[in-house]
Each structure stands twice: as C-alpha cells, then as structure tokens.
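# Working through the structure, step by step
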Amino acid sequence: MDKAKPWEIPKKLVWEAYKRVKANRGAAGIDEQTIAEFEKDLKNNLYKLWNRMSSGSYFPPPVKRVQIDKRGGGKRPLGIPTVSDRIAQAVVKGCLEPELEKHFHSDSYAYRPGKSALDAVGVARQRCWRYDWALEIDIRAYFDTIPHELLLRAVRKHTRCAWVLLYIERWLKAPVQLEDGTLEPREKGTPQGSVISPLLANLFLHYAFDRWMAQHHPDVPFERFADDSLCHCGSEQRAQSLKESLARRLKECGLELHPDKTRIVYCKDEDRRGIYPHTKLDFLGYTFRARRSKNWRGEFFVNFSPAVSDTATKAIREEIRHWQLRCRVDRKIDDLARMFNPIVRGWLNYYGRYYKSALYPTFRYLDRCLAHWAMAKHKRLRRHRRRAAHWVRRVTLRDPKLFAHWSLLPRAAAER
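Cut-offs and rules
Residues numbered from 1 in each chain as written. Predicted model: local features only at pLDDT ≥ 70, side-chain atom pairs only at ≥ 80, totals over all residues. Heavy atoms only, no water. Helix = DSSP H or I, 4+ residues; strand = E, 2+ residues; numbered from the N terminus. Buried < 20%, exposed > 50% of the residue type's maximum accessible area, 1.4 Å probe, protein only. Contact = heavy atoms within 4.5 Å. Areas by Shrake-Rupley, 256 points an atom, 1.4 Å probe, with all protein chains shown as cover. Lys, Arg positive; Asp, Glu negative; His and termini not counted. Charge placed at Lys NZ, Arg CZ, Asp CG, Glu CD. Pairing = 2+ DSSP bridges. Axes fitted to C-alpha atoms, helices over the stretch in contact; angles between N-to-C directions. Expected span 1.5 Å × (residues − 1). Patch = residues over 30% accessible without salt bridge, like charges linked within 9 Å, V, L, I, M, F, W, Y side chains within 5 Å. Salt bridge = Lys/Arg side-chain N within 4 Å of Asp/Glu carboxyl O. Phe/Tyr/Trp six-rings, centres within 6.5 Å; stacked < 30°, edge-to-face > 60°. Lys NZ or Arg CZ within 6 Å of the ring centre and 35° of its normal. Arc of directions from axis to C-beta. Disulfide = S-S within 2.5 Å. Parallel < 35°, antiparallel > 145°, perpendicular 65-115°, else oblique. Left-handed = near helix turned anticlockwise from the far one by under 90°. Nonpolar A, V, L, I, M, F, W, Y, C, P; charged D, E, K, R; others polar. Core = buried A, V, L, I, M, F, W, Y, C linked by side-chain atoms within 4.5 Å.

The next subject is the overall build of the protein. On a plain count of helices and strands, the protein comes out with 15 helices and eleven strands. The dimensions of the protein, computed from C-alpha atoms along their principal axes, are 75 × 60 × 40 Å. Across the 416 residues in the protein, those meeting the buried criterion constitute 48%. A sequence separation of at least 24 residues applies to 68% of the contacts in the protein between residues at least 6 apart. A total of about 21900 Å² of accessible surface is found on the protein, and carbon and sulfur atoms cover 50% of it. If the 80 positive side-chain charges of the protein are averaged to one point and the 49 negative ones to another, these points end up 7 Å apart.

Written out as structure tokens, the structure is:
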C-alpha cells in the first residue's frame, strides 16, 4: 500500500502523459536520457515520478538550451526538458487544458485541440477580402519576456489546484543550462520547447490581447496564432490607431511590439487602388498579396490571396539539399520515395491548401535534384543533364504516384 500523499494525482494521468510524450518524441535533456533509455525501467521511472509529484518533492531539473535556425535568418533559443520533466509537465497540462479551453477566444488558433494554423490562414483569407487594411502583429521575443507574476495571476483565475500551481511556478523558475554548461536563472519567460509553455503562453495572451481586443476594439476581427496575429480594419487611420493602442496595452503587460515585423498592410487587389508602402504580408508560412485567380465561370481576376511564402520555399529547398540525394547512389528511386514522401506530403498538405501552383517551382527543383541523383547512379546518364531529366520524366509517367508531389505538377503547370 502506498502511504497517503498530500495530493491525489491518479496514476492513470501519469501513464497518459507518458504516452503523449512518447508520441511527440523529442531530444534528450541535460541528463542525456532518451525516451528509449527511460523505457528500459519504465514502470519504476513512472512510479518514482508519480510518487514525487504526489508528495510535493518534485523539483524540475534545469532546461537544456539549444539554438535552432529561424526561417527568416538568425537563431531561436529552444528549451529541452528531460524526459521525466516532459511527462510531469504533460500531467499538469492534461489537468489544466480542459478548463482553459472553455474560455479561450474562438479566433485563437495555436496549440489548441481541433484548431490549426491552416484554419487561421483560411479565416484571414476571407477577412482580407472584406477589409481593405490589415495590421500584421509580431511580439518581440514573446516566450522569453512573459512576466511570471502576471502569468501566475492568470493561472490562478482558472484553478485552485495546489499542486498544479506549485509545479507551474517551479517550472517558470527552473534555471536554463546554456550550451557551455553554465546555469542561467530565469526571472521571466517560459522556454519554447517545453510541454507546458504553449498552454501558458496562450493563456497569457488570452488576457493581454484576446479579451482586451474584444472589450476595447470589438469592431476589429483578428486571428491569433501564438504571438503572430492579424487584425482587420476598414481604414488606414483605424489600423494606425489600433497599432498605437495595442503598443500601450502590451507595454502594460511587459511585452513589446516588434518594430520591424509589425506593419500596416493595404490588401490590394484589382478593385483597390492607390500606392502604399506595404501591399503584402506574411502569416504562418503564407504570403498574402495580389494574385491572379480564376472564378467559377473561368474568368480571371486579381484578388488578395495567400500562397506559400518565399521564406518557406527557401526552407524547403534547404531541407532538400540536406537530403544529399547525390550521395545516395546505393538506393533505388523507390527507396528515396519511401524515405522522403512523408516530408513531401507534409509540405503538400500545409502549403498546398491555398494556391497550390506556387509550389510548382519548388517541386521542379526537387525533380532536378532527382535528375542529379540519376546522373550519379547511372553511368549512361553521367554528364547528361537533359537525358537525366528525361529519365525522371519517364518515371513520372510510368508511376505518377511514386513521389507525393508528382501528381501535383501537371495541374500546377496548367494553373500557371
């Protein structure tokens, strides 16, 4: 029999949290323990974690910080907790998230069950057709600057569970281990990469932005995905007024608008005239701008629509280069398809939702890389680029479903 614990945390919650962490995979934390190593003594490890959380003796270890590349250039700090700490955070998230979901705004799309970035892009697309102006919002270093006291105040509004509050506060205060091994105390912010951070970050902006907008600017529709937001206005003056008001509001909450990424954009199409400094915007990997489209009658017109952004296509091409197809001459083309189709399908499913033909040049680039692979693999094709390209084309005609993107290319060519 287990001794009575200060808090009754069902063991089932810990088991369900472990399964979610395992499904998400993830790298090892400061203890270098992988999920596979954790599972070697799974029952005992989960029991110890449950025992410590139930008794109040669980203290999170430091978070391992790594720097990852940002699509727009530069580096983004990412925090990697240990496997056991990720499970502990998933336990708290599983308790807190259902309660918070009841209160979140319908136009908040990030890190929420049943909502996605593509949902936000779709709603933004419709509203850009109805409103002439958009305010493109970005908060500078959002995850690193959230004030702890204000965040904890928001959490206390939604739960009185003592152990949930205790562990959230401990996670916020847990130090960060830098790449040189030194520990850095954390006085504000919640590290990107941890399990609980997205939920806490969403909760903070629920009060700092969503509810404030509903109360003070109810006539302005918006879409928010984490710290990236679009607000839709009927005039440039209204957008400018909103920008100034929002800057003051965020300053009160310890946050700051990014001066370069926060812009007022004119949603220009064939009916909207005039010359303005900003007539396109980037939102969640899509670039919105004037594009030639076809209506249901087959007539062409120009509207303000999203398509895969230049930053996203650059990142896709960089990923393809990292595959180093030329070095995989030991593989057959069927092997390459099995290896990389899951990634290609992911690009298609996300960036192909709107204006698919914008993906056409990027996937033609992938076919050129396959031609270079064929030149390296087959002696008769070496130093014959055109012949290698024809070889790839013959394979596409023989087996058009082999690579996920091949069925798209003829349609994309026709759309162009």
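In a beta sheet, neighbouring strands are held together by backbone hydrogen bonds and run either parallel or antiparallel to one another. Spatially, 9-10-11 is the arrangement adopted by the three strands of the open sheet, whose pairing is antiparallel. Every other strand in the sheet has two partners, leaving strand 9 (281–283) and strand 11 (300–308) as the edge strands with one partner each. Here the strands of the sheet are splayed against their neighbours by 50 degrees on average, with no regard to which way each runs. Where strand 9 meets strand 10 (residues 286–294), three bridges bridge the pair, whose relative direction is antiparallel. Within strand 10, the position partnered with Asp282 by the bridge is Thr287.

Bringing helix 8 (residues 162–173) into the picture now. Between its first and last C-alpha, helix 8 extends 17 Å over twelve residues, near the 16 Å set by a 1.5 Å rise per residue. Within the span of helix 8, buried status applies to Trp163, Val164, Leu165, Tyr167, Ile168, Arg170, Trp171 and Leu172. At its buried positions, helix 8 is contacted by helix 3 (42–55), helix 4 (83–101), helix 7 (148–156) and helix 9 (197–216).

Judged by side-chain charge, Arg380, Arg387, Arg394 and Arg398 come together as a positively charged surface patch. Within the fold, Arg380 resides in the loop between helix 13 (360–377) and helix 14 (385–398).

Counted by the stated rule, this structure contains 20 aromatic pairs. Between Tyr47 and Trp50, the aromatic rings sit 5.6 Å apart at their centres with planes inclined by 40 degrees, giving tilted as the arrangement. A residue pair is termed a helical-turn pair when its members lie 3 or 4 positions apart in one helix, as Tyr47 and Trp50 do in helix 3 at three residues. The exposure class of Trp50 is buried, given its relative accessible area of 8%. Aromatic side chains Tyr111 and Phe225 sit 6.0 Å apart centroid to centroid with 50 degrees between the ring planes, which places their arrangement in the tilted category. Taken together, the residues span a long stretch of sequence, with Tyr111 in the loop between helix 4 and helix 5 (117–130) and Phe225 in strand 6 (residues 222–225) at a distance of 114 residues. Of the aromatic side chains, those joined through ring pairs into one cluster are Trp7, Tyr58, Tyr167 and Trp171. Sitting over the ring of Trp50, Lys11 keeps its end group 4.7 Å from the ring centre. The positively charged end of Arg292 is found above the aromatic ring belonging to Phe300, 3.7 Å away from the centroid.

Over its 14 residues, helix 11 (residues 310–323) runs 20 Å from end to end, which matches the ideal 20 Å to within 8%, given 1.5 Å per residue. All buried positions along helix 11 are accounted for by Ala312, Thr313, Ile316, Ile320 and Trp323. End-on view of helix 11: buried residues confined to an arc of 100 degrees, all on one side of the axis. Facing away from the buried surface of helix 11 by more than 90 degrees, the exposed residues are Asp310, Lys314 and His322. Its buried side turned inward, helix 11 meets strand 11, helix 12 (333–351) and helix 13. Of the residues one or two after helix 11, Gln324 is the one with positive phi, at around 50 degrees.

Non-glycine residue Ala226 carries a positive phi angle of around 55 degrees. One can find Ala226 in the loop between strand 6 and strand 7 (228–233). Among the residues examined, Ala226 registers a relative accessible area of 8% and is labelled buried. With phi around 50 degrees, Gln324 is a residue other than glycine that occupies positive phi space. With respect to the helices and strands, the residue Gln324 is situated in the loop between helix 11 and helix 12.

Taken as a whole, this structure holds zero disulfides when the rule is applied. Take Cys95: it sits in no disulfide, and the sulfur closest to it among the cysteines is that of Cys161, at 6.3 Å.

Contact pair helix 12 / helix 13: the axes reach a minimum separation of 13 Å and the direction vectors enclose 165 degrees. With respect to each other, helix 12 and helix 13 are oriented roughly antiparallel. In this structure, helix 12 crosses over helix 13, and the sense of that crossing is right-handed. Across from Ile333, Leu336, Val344, Trp347 and Leu348 in helix 12, the residues of helix 13 making contact are Phe363, Leu366, Leu370 and Trp373. For the contact of helix 12 with helix 13, the class distribution of residues is nine nonpolar, no polar and no charged.

Moving on: the nonpolar core. One broad rule of soluble globular proteins: the nonpolar side chains tend to lie buried together. One finds Met53, Ile87, Val92, Tyr142, Ile168 and Cys231 to be the most contacted residues of the largest nonpolar core, which totals 65 residues. Of all the elements, helix 9 adds the most residues to this core, at eleven residues. In contact with Val92, not counting residues within four places along its chain, are Met53, Trp163, Val164, Tyr167, Ile168, Trp171 and Ile196. Of all hydrophobic cores here, the second largest spans 59 residues; its members include Ala307, Trp323, Ala358 and Leu359.

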